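Here is how the chains run, residue by residue.
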There are 4 protein chains.
Amino acid sequence: MSEIRWPEGKAAAAAFTFDVDAESAVLWGGPGTLESVGARMSVMSHQAYGPLVGIPRILDLLERHQIASTFFVPGHTADRYPEAIRSIVAAGHEIAHHGYLHEQPTALTLEQEIDVLDRGLAALADVAGVRPSGYRAPMWDLSWRTPALLAERGFLYDSSLMDSDHPYELAIAPGADRSLVEIPIQWALDDWEQYCYLPDISGSGLIESPRKARELWQLEFDGLRRVGGCWVLTNHPFLTGRPSRAAELDDLMRYVLDHDDVWVTNLAAIAEHVRTLELSPRSITPPDVPR
Amino acid sequence: MSEIRWPEGKAAAAAFTFDVDAESAVLWGGPGTLESVGARMSVMSHQAYGPLVGIPRILDLLERHQIASTFFVPGHTADRYPEAIRSIVAAGHEIAHHGYLHEQPTALTLEQEIDVLDRGLAALADVAGVRPSGYRAPMWDLSWRTPALLAERGFLYDSSLMDSDHPYELAIAPGADRSLVEIPIQWALDDWEQYCYLPDISGSGLIESPRKARELWQLEFDGLRRVGGCWVLTNHPFLTGRPSRAAELDDLMRYVLDHDDVWVTNLAAIAEHVRTLELSPRSITPPDVPR
Amino acid sequence: MSEIRWPEGKAAAAAFTFDVDAESAVLWGGPGTLESVGARMSVMSHQAYGPLVGIPRILDLLERHQIASTFFVPGHTADRYPEAIRSIVAAGHEIAHHGYLHEQPTALTLEQEIDVLDRGLAALADVAGVRPSGYRAPMWDLSWRTPALLAERGFLYDSSLMDSDHPYELAIAPGADRSLVEIPIQWALDDWEQYCYLPDISGSGLIESPRKARELWQLEFDGLRRVGGCWVLTNHPFLTGRPSRAAELDDLMRYVLDHDDVWVTNLAAIAEHVRTLELSPRSITPPDVPR
Amino acid sequence: MSEIRWPEGKAAAAAFTFDVDAESAVLWGGPGTLESVGARMSVMSHQAYGPLVGIPRILDLLERHQIASTFFVPGHTADRYPEAIRSIVAAGHEIAHHGYLHEQPTALTLEQEIDVLDRGLAALADVAGVRPSGYRAPMWDLSWRTPALLAERGFLYDSSLMDSDHPYELAIAPGADRSLVEIPIQWALDDWEQYCYLPDISGSGLIESPRKARELWQLEFDGLRRVGGCWVLTNHPFLTGRPSRAAELDDLMRYVLDHDDVWVTNLAAIAEHVRTLELSPRSITPPDVPR
């Protein structure tokens, strides 16, 4: 994977991104999930912390640090918390697509995958007047057909793959000319594994100290900076919005910004820059096993 | 969620609370749980450590620090360990409701939910002569109908939701005038995830050092203090009653008390204060998914 | 639970104990376990590390520190590794009972429970000429009938319950006159949770640093010492026998021995001392749930 | 297990080894695994990071430190990423056998086990012109018949057992004259438990900091060095290839090399040395349980 030329002589890029899953992250699943999980008022309140408390707190941090960020918003979250989503737009941040009810593309039929893409677009348009240029698959679980569906809908970029330290042009199908900008992510730069615990629903059962999470993310920032890569942190307002976690994020923002050679921005800006580089699209083929 | 005015010019509030689950926490569950788990003498002894050793040790700590605390007591624990429960009352602490056999409300029919509320009340009255004003759902798993059931029984507050840093008035049903004070909690301020391991029954399999647990809880105290919130620590005598964990709790109590601007008290006192603020009740509606 | 008077003016007691499970710990289980797990040569070798490498290394540590220890040996381990078990006896340490194939008593019928007790006794007698005075239930999973079965066979003590910081006399059935000395243990003073990983068989999937395990165990030593209790560490030669873990154990032994007010000995010596105190037996009754 | 005389007066040995599993590590499994996991583009990209980014980065580290290493390559990885595998050969490192599609031997029939051994050999020959002298069972899950199958195919060594700190000669069946050199490994010297998380597929759900992983591995290096043993670290390019983890590995390589009394080399060199010692083969017999 070749390196990227960053703008203004910067050596690397960094983005603080937020997945605003709220209730949707736990309501979608096998038969009966919606009813059984939706019946749990405390679980719902755990998720609601995101738009109710986490988003204002995070917007505040971003404002103080003057960081432009990307928020991935499921349509369901937009429909349930329109004011919260509009406050993100009003603060000048990017809104991007994250499914309707946080559906994992690989668990859907083609028809269902198209349906949730279109319902997500409709919700973001209705609630926030936004047409997103970016997409992130719920659970970072892209199907092989998602790239083409995104291209047909005019998306510029996706941020769900894990095979590079640098963004690249992803052919929407093996050998295709058309491409999306891919801005890779990774599990170690996510807060879910460090903080999430919902009995019977999600989490390892352990909850880490924000100090440990911050060490992990900061070490990888140092590492990606050294290789001229693109550090993309993914946080969830219902998790990282808690005061002590937000405080560590605050410190981490300061740390990242203290590095003048790093371009700190949102994913749309990164994708637009990458598009100007006119990179050759890269084809990825599904694995085959000879018999 | 709006901030709270605390009494006497305090900037924030803090409560050390204890869930006295003992055997009940593992005896309730699917068909056969009572018999199969009840047959395990060592598992029973693990839970019995709470009332037998943990409670006296914790009462001692609270006495030394002059902290008023809240103990959530399942009816079954009261029936099995009446002396332990009476010693809590005698020390001047608050007793609150925590089900009869630690039943999760969302797994119950309406009739069953009413039954365990009433049996829990009867046990606390019989054993300790107490009529509790507070309730905490076992596993923090409130059903949407629990608030109304609590209001009908004269409860002042609940402490099972997770959508705020501050207490609030919770409408007992969407749009209702009547309300309960809600004092929010969170999974990261619980000792179960850090310490509990019971093979085939509970726990991630890992057991953390008390140093790590204390760091986690102290950082969140610092964070909630900064935002004027209400820090509610939930510990279980059968877990945190162990000597090294109690020693860290001792230090943490000292740390919390060293902050003069924090009101350290029990949940009943917090709820009564909140009630005097005459806040508008907040309605929470179950999630809906358009089809 | 009342405190204990320790001999020679000591303030507390400490014992380093070892469960020599070897293959037995993973061969016993549901139908087909013996065949499917026994077919995994690497898994068997993971367990064999205990008697082959761990035991000599641990005997060396104990020799250097002049600590008398207790080794709980399943009959199967004795039959498969007679030399290793005889070397423990030759070094002057106590051998105690730990089932035949590491069977959890609560999963057995009464007939089966008797059978494995007697087969374990026979194996220890045959291999090492030993008649043990102590018993520890595999997985610390004592059944309510085990104490009586132990008393009938002349055992002095059990070490499988978790409801006290101090040893006590345990009535072999509720209200019975006859008793066993109980020397309590706890999950946090075990190395399995910190170190064990066997895919599809055991472990959380994480493996901790020996530094963290040692901090945990040392903090609890400090805590139990302060309350005059009995610190019982349980290590497995197949886990803690690894060089870096043994090195931390070495340091921990030094730390424990540096405390002159602590009686460091094996469990038989502790049980014999407790028996001289003529404590009243304590009855434990299975939990009951009124309907 | 007796100690080993190391060459040139060295006191111990150390090897940095890499399992180049890529997609194969998750594609093989029960019925439907290939199709369901292969359909997850993001999961595939997570694994592809190994050959695409991890291998060049690791080759770079090895070049800078002048360390000779061993790469265990499933046939499928060789077929899918021939250039990556050839780059390992070109850099002078050893290529060894790791199944075709990362099949666990104990889950295979004899016929299947033979088939994947031969297909793995064919792929390594076709792609890299290599005839490997070493084998490591996927998931370190050797069957009791694998040693004989390896000997029949002319392998010199295996590296999948866990019962020693030192290499030894392993009789290919109990009592057999013929033997393989066995170079033992252990779960604590693997990066999977520290770093791997793939929802629904693998991992505890937690992701550790590279600082913690490095402490764990370094402590065990110190320990094995003290006993004159053979430290074998197993890393996966798709995990440890990430920048911050590679940076810790870089530091760890420096630390290891700073110990002049340790022989740092690849497994083939260690196996060849062990073979010259003419050790008596050791027989391991499957466990038996008397009835």
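Residues numbered from 1 in each chain as written. Chains lettered and ligands numbered in written order. Predicted model: local features only at pLDDT ≥ 70, side-chain atom pairs only at ≥ 80, totals over all residues. Heavy atoms only, no water.

Counting its regular elements, chain A contains 12 helices and 9 strands. A compact globule built from 291 residues should have a C-alpha radius of gyration of about 19 Å, and chain A, at 18 Å, falls within 12% of that. Seen through its principal axes, chain A has C-alpha atoms that stretch 50 × 45 × 45 Å. The 291 residues of chain A split such that 68% are buried. Excluding contacts between residues fewer than 6 apart, the proportion of contacts in chain A whose partners are at least 24 apart in sequence is 75%. Total accessible area on chain A stands at roughly 9,300 Å², and carbon and sulfur atoms take up 48% of it. Averaging the positions of the 24 positive and the 42 negative side-chain charges in chain A gives two centres separated by 3 Å. (Helix = DSSP H or I, 4+ residues; strand = E, 2+ residues; numbered from the N terminus. Rg over C-alpha atoms; globule rule 2.2 N^0.38 Å. Buried < 20%, exposed > 50% of the residue type's maximum accessible area, 1.4 Å probe, protein only. Contact = heavy atoms within 4.5 Å. Areas by Shrake-Rupley, 256 points an atom, 1.4 Å probe, with all protein chains shown as cover. Lys, Arg positive; Asp, Glu negative; His and termini not counted. Charge placed at Lys NZ, Arg CZ, Asp CG, Glu CD.)

The interface of chain A with chain D comprises 44 residues on the first partner and 37 residues on the second. Summed over both sides, the interface of chain A with chain D buries roughly 3,300 Å², with 60% coming from carbon and sulfur. Here Glu-208 of chain D makes a salt bridge to Lys-212 of chain A, at a shortest N to O gap of 3.4 Å. If you look at where chain A meets chain D, you find 18 residue pairs in polar contact (both at pLDDT 80 or more). At the level of secondary structure, the elements contributing two or more residues to the side of chain A that touches chain D comprise α8 (192-195) and α9 (210-226) of chain A. No other element matches α9 of chain A, which puts 8 residues into the side of chain A that touches chain D. Looking at side-chain class alone, the side of chain A that touches chain D contains 22 nonpolar, 10 polar and 12 charged residues. (Buried area = accessible area lost by both parts, 1.4 Å probe. Salt bridge = Lys/Arg side-chain N within 4 Å of Asp/Glu carboxyl O. Polar contact = N/O pair within 3.5 Å; in protein donor to acceptor, adjacent residues only side chain to side chain. Nonpolar A, V, L, I, M, F, W, Y, C, P; charged D, E, K, R; others polar.)

What follows concerns the packing of α9 of chain A against helix α11 (residues 243-257) of chain D. One can describe the packing of α9 of chain A onto α11 of chain D by two numbers: an axis separation of 7 Å at closest approach and a directional angle of 90°. Between α9 of chain A and α11 of chain D, the angle falls in the class roughly perpendicular. For the pair α9 of chain A and α11 of chain D, the contacting residues are Leu-219, Glu-220, Gly-223, Leu-224 and Arg-226 of chain A in the first and Pro-243, Ser-244, Arg-245 and Ala-247 of chain D in the second. Residues that form the contact of α9 of chain A with α11 of chain D fall into these classes: 4 nonpolar, 2 polar and 3 charged. (Axes fitted to C-alpha atoms, helices over the stretch in contact; angles between N-to-C directions. Parallel < 35°, antiparallel > 145°, perpendicular 65-115°, else oblique.)

All names here are of chain C. Under the 1.5 Å per step criterion, the end-to-end length of helix α9 (residues 210-226) is 24 Å for 17 residues, consistent within 8% with the ideal 24 Å. Taken across its 17 residues, α9 has 13 buried, putting it largely inside the fold. Gly-228 lies just past α9 and shows a positive phi near 70°. (Expected span 1.5 Å × (residues − 1).)

Turning our attention to the relation of the copies chain C and chain D. When chain C is fitted to chain D, the best match, at an RMSD of 0.0 Å, comes from turning it 90° and sliding it 0.0 Å along the axis. This pairing of chains is accounted for by a four-fold axis. Residues of chain C ranked by C-alpha distance from the rotation axis are headed by Ser-204 of chain C, positioned 4.4 Å from it. Comparing interface residues between copies, only 8% of those in chain C also sit at the interface in chain D, which points to a heterologous contact through distinct surfaces. (Least-squares fit on C-alpha atoms with pLDDT ≥ 70 in both.)

Once that is clear, we can look at the pattern of salt bridges. Under the criterion given, the structure shown has 83 salt bridges over all chains. Across the pair Glu-83 of chain B and Arg-86 of chain B runs a salt bridge whose closest N-O atoms are separated by 2.6 Å. One end of the pair, Glu-83 of chain B, and the other, Arg-86 of chain B, are both in helix α5 (residues 82-90), 3 residues apart, so they sit about a helical turn from each other. Beyond isolated ion pairs, a larger network of salt bridges with shared partners links Glu-208 and Lys-212 of chain A, Glu-208 and Lys-212 of chain B, Glu-208 and Lys-212 of chain C together with Glu-208 and Lys-212 of chain D.

It is worth spelling out the packing of aromatic side chains at this point. Each aromatic ring pair is characterised by the separation of its centres together with the angle its planes make. Evaluated as defined, the whole model comprises 40 aromatic pairs over all chains. An aromatic cluster is built from Phe-16, Phe-221, Trp-231 and Tyr-255 of chain A, whose rings are joined through pairwise contacts. If you follow Arg-245 of chain C out to its NZ or CZ, it ends over the ring of Tyr-195 of chain C, 4.1 Å from the centre. In this structure, Arg-282 of chain D is placed above the aromatic ring of Tyr-168 of chain D, and the distance from its NZ or CZ to the ring centre is 4.7 Å. (Phe/Tyr/Trp six-rings, centres within 6.5 Å; stacked < 30°, edge-to-face > 60°. Lys NZ or Arg CZ within 6 Å of the ring centre and 35° of its normal.)

Moving on, we come to the interface of chain C and chain D. The extent of an interface is frequently quoted as the accessible surface area lost upon association of the parts. Facing 36 residues of chain C, the contacting portion of chain D comprises 44 residues. Summing the contributions of chain C and of chain D, the shared interface buries around 3,300 Å²; its carbon and sulfur component is 60%. A per-residue breakdown of the area chain C buries against chain D is headed by Met-41, Ser-42 and Leu-206 of chain C, which together make up 20% of the total. Scanning the region where chain C abuts chain D turns up 3 salt bridges. Close ionic contact of Arg-40 of chain C with Asp-141 of chain D constitutes a salt bridge, the shortest N to O distance being 3.0 Å.

Grouped burial of nonpolar side chains is what soluble globular proteins tend to show. Counting 102 residues, the largest nonpolar core has Phe-16, Phe-71, Tyr-157, Trp-231 and Ile-270 of chain C as the members making the most contacts within it. Counting residues in hydrophobic clusters, the runner-up holds 101 residues, among them Met-162, Tyr-168, Trp-187 and Cys-196 of chain D. (Core = buried A, V, L, I, M, F, W, Y, C linked by side-chain atoms within 4.5 Å.)

Another aspect to go through is the environment of Leu-101 of chain A. Mapping Leu-101 of chain A onto the fold places it in the loop between β3 (94-97) and α6 (110-128). Once the C-alpha coordinates of Leu-101 of chain A and Ser-160 of chain A are considered, the two residues, 59 residues apart in sequence, prove to be 17 Å apart. Excluding anything up to four places from it in sequence, Leu-101 of chain A contacts Ser-24, Leu-27, Trp-28, Leu-34 and His-76 of chain A together with Val-289 of chain B.

Superposing chain A onto chain D takes a rotation of 90° combined with a translation of 0.0 Å along the rotation axis, leaving an RMSD of 0.0 Å. Of all interface residues in chain A, a mere 7% are interface residues in chain D too; the two copies therefore contact each other through different surfaces.

Another point: the state of the cysteines. Such a bond, covalent and formed between the sulfur atoms of two cysteines, is termed a disulfide. Counting across every chain of the model gives 0 disulfides over all chains. Unpaired in terms of disulfides, Cys-196 of chain C finds its nearest cysteine sulfur in Cys-196 of chain D, a separation of 19 Å. (Disulfide = S-S within 2.5 Å.)

Residues and elements named next belong to chain B. Counted residue by residue, strand β1 (residues 12-19) has 8 buried out of 8 residues, so it is predominantly covered. Residues of β1 alternate between two faces, with Ala-12, Ala-14, Phe-16 and Phe-18 on one and Ala-13, Ala-15, Thr-17 and Asp-19 on the opposite face, all of them buried. As defined by bridge partners, β1 adjoins strand β9 (residues 262-264) across 3 bridges and the pair is classed as parallel. When the bridges of β9 are listed, Ala-12 appears paired with Val-262. Both β1 and strand β8 (residues 230-235) contribute to a ladder of 6 bridges, which runs parallel. The residue bridging Ala-13 from the neighbouring strand is Cys-230, located in β8. Where β1 and strand β2 (residues 70-73) come together, 3 bridges link them in parallel fashion. For Asp-19, the partnering residue across the bridge sits in β2 and is Phe-72. (Pairing = 2+ DSSP bridges.)

Attention now moves to the UniProt feature "domain: NodB homology" (unreviewed entry) in chain A. Residues annotated in UniProt with the feature "domain: NodB homology" (unreviewed entry) correspond here to residues 40-265 of chain A. Between the C-alpha atoms that bound residues 40-265 of chain A the distance is 38 Å, and the span itself is 47% helix and 13% strand. (UniProt positions renumbered as here; feature names shortened; annotations may be inferred.)

For Thr-265 of chain C, the location among the structural elements is in the loop between β9 (262-264) and α12 (267-276). Here Thr-265 of chain C falls in the buried class, since its relative accessible area comes to 8%.

Attention now moves to helix α6 (residues 110-128) of chain D. Each α-helix turn comprises 3.6 residues. Residues three or four places apart therefore point the same way. Residue and element names in this part refer to chain D. Under the 1.5 Å per step criterion, the end-to-end length of α6 is 27 Å for 19 residues, consistent within 8% with the ideal 27 Å. Buried residues of α6: Glu-113, Val-116, Leu-117, Gly-120, Leu-121, Ala-123, Leu-124, Val-127 and Ala-128, and no others. Viewed along the axis of α6, the buried residues span an arc of 160°, placing them on a single side of the element. Exposed residues on α6 whose side chains face more than 90 degrees from its buried face are Glu-111 and Asp-126. Lining the buried residues of α6 we find β2 (70-73), α4 (75-80), α5 (82-90), β3 (94-97), β4 (134-135) and α7 (146-152). In the segment just after α6, Gly-129 is the residue with positive phi, at about 60°. (Arc of directions from axis to C-beta.)

Moving on: the environment of Val-181 of chain B. All names here are of chain B. When you line up the elements, Val-181 lands in strand β7 (residues 179-182). For Val-181, a relative accessible area of 0% translates into the label buried. Placed 78 residues apart in sequence, Val-181 and Glu-103 show a C-alpha to C-alpha distance of 22 Å.

Residues and elements named next belong to chain A. Relative orientation of the contacting elements helix α3 (residues 41-65) and helix α11 (residues 243-257) amounts to 25°, with a least axis distance of 11 Å. Taken as axis vectors, α3 and α11 run roughly parallel relative to one another. Between α3 and α11 the crossing geometry is right-handed. Taken together, the residues of α11 that come into contact with α3 (itself represented by Tyr-49, Arg-57, Leu-61, Leu-62, Arg-64 and His-65) are Pro-243, Ala-246, Leu-249, Asp-250, Met-253, Arg-254 and Leu-257. Of the residues that constitute the contact of α3 with α11, the class distribution is 8 nonpolar, 1 polar and 4 charged. (Left-handed = near helix turned anticlockwise from the far one by under 90°.)

Let's shift gears to the side chain of Ser-45 of chain C. With respect to the helices and strands, Ser-45 of chain C occurs in helix α3 (residues 41-65). Ser-45 of chain C sits in the buried class, given a relative accessible area of 3%. In contact with Ser-45 of chain C, not counting residues within four places along its chain, are Leu-161, Met-162 and Asp-163 of chain D.

The subject of this paragraph is the environment of Gly-129 of chain B. Along the chain, Gly-129 of chain B falls in the loop between α6 (110-128) and β4 (134-135). Exposure remark for Gly-129 of chain B: the relative accessible area of 63% places this residue in the exposed category.

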